[in-house]
Amino acid sequence: MSASIERAAEVSANLSDIKSQVSQYSLDPNHHATLVAVSKYKPASDILTCYEDGQLDFGENYVQELVEKAEGLPSKIRWHFIGTLQSNKAKTLA
């Protein structure tokens, strides 16, 4: 489930750029913002690359994709559901 060397380098560079931009806008050193990387339509290999670079928070907006990705990726990842929740999917997400 690993990305190609080129893809992993691209994902790592993009994540680094975003983290740098976010830190520039942190005005209050006592206030911490959490970067939630939205993984919608991204393969598990991209998520794993970000995780290996220290990114722990990921957002999914489809319950089934979140469940499938969570089962195959490290358990230390903190998943955030960012979509509209249908009542028939609530039990699966909980």
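Going by the structure above, here's the rest.
So, here's what we can say about the structure. Note that the structure is a prediction, hence the values are computed from the model and not measured.

A word on the overall build of the protein
Looking only at helices and strands, the protein has four helices and three strands in total. Counted from the first residue to the last, the protein has its helices and strands arranged as α-β-α-β-α-β-α. Structurally, the protein occupies a C-alpha span of about 40 × 35 × 20 Å along its principal axes. For the protein, buried positions account for 23% of its 94 residues. A sequence separation of at least 24 residues applies to 41% of the contacts in the protein between residues at least 6 apart. As presented, the protein carries roughly 6600 Å² of accessible surface, and 52% of it is formed by carbon and sulfur atoms. Between the averaged position of the 9 positive side-chain charges in the protein and that of its 12 negative side-chain charges there is a distance of 7 Å.

Definitions and cut-offs
- Residues numbered from 1 in each chain as written.
- Predicted model: local features only at pLDDT ≥ 70, side-chain atom pairs only at ≥ 80, totals over all residues.
- Heavy atoms only, no water.
- Helix = DSSP H or I, 4+ residues; strand = E, 2+ residues; numbered from the N terminus.
- Buried < 20%, exposed > 50% of the residue type's maximum accessible area, 1.4 Å probe, protein only.
- Contact = heavy atoms within 4.5 Å.
- Areas by Shrake-Rupley, 256 points an atom, 1.4 Å probe, with all protein chains shown as cover.
- Lys, Arg positive; Asp, Glu negative; His and termini not counted.
- Charge placed at Lys NZ, Arg CZ, Asp CG, Glu CD.

Structural measurements only, silent on function.
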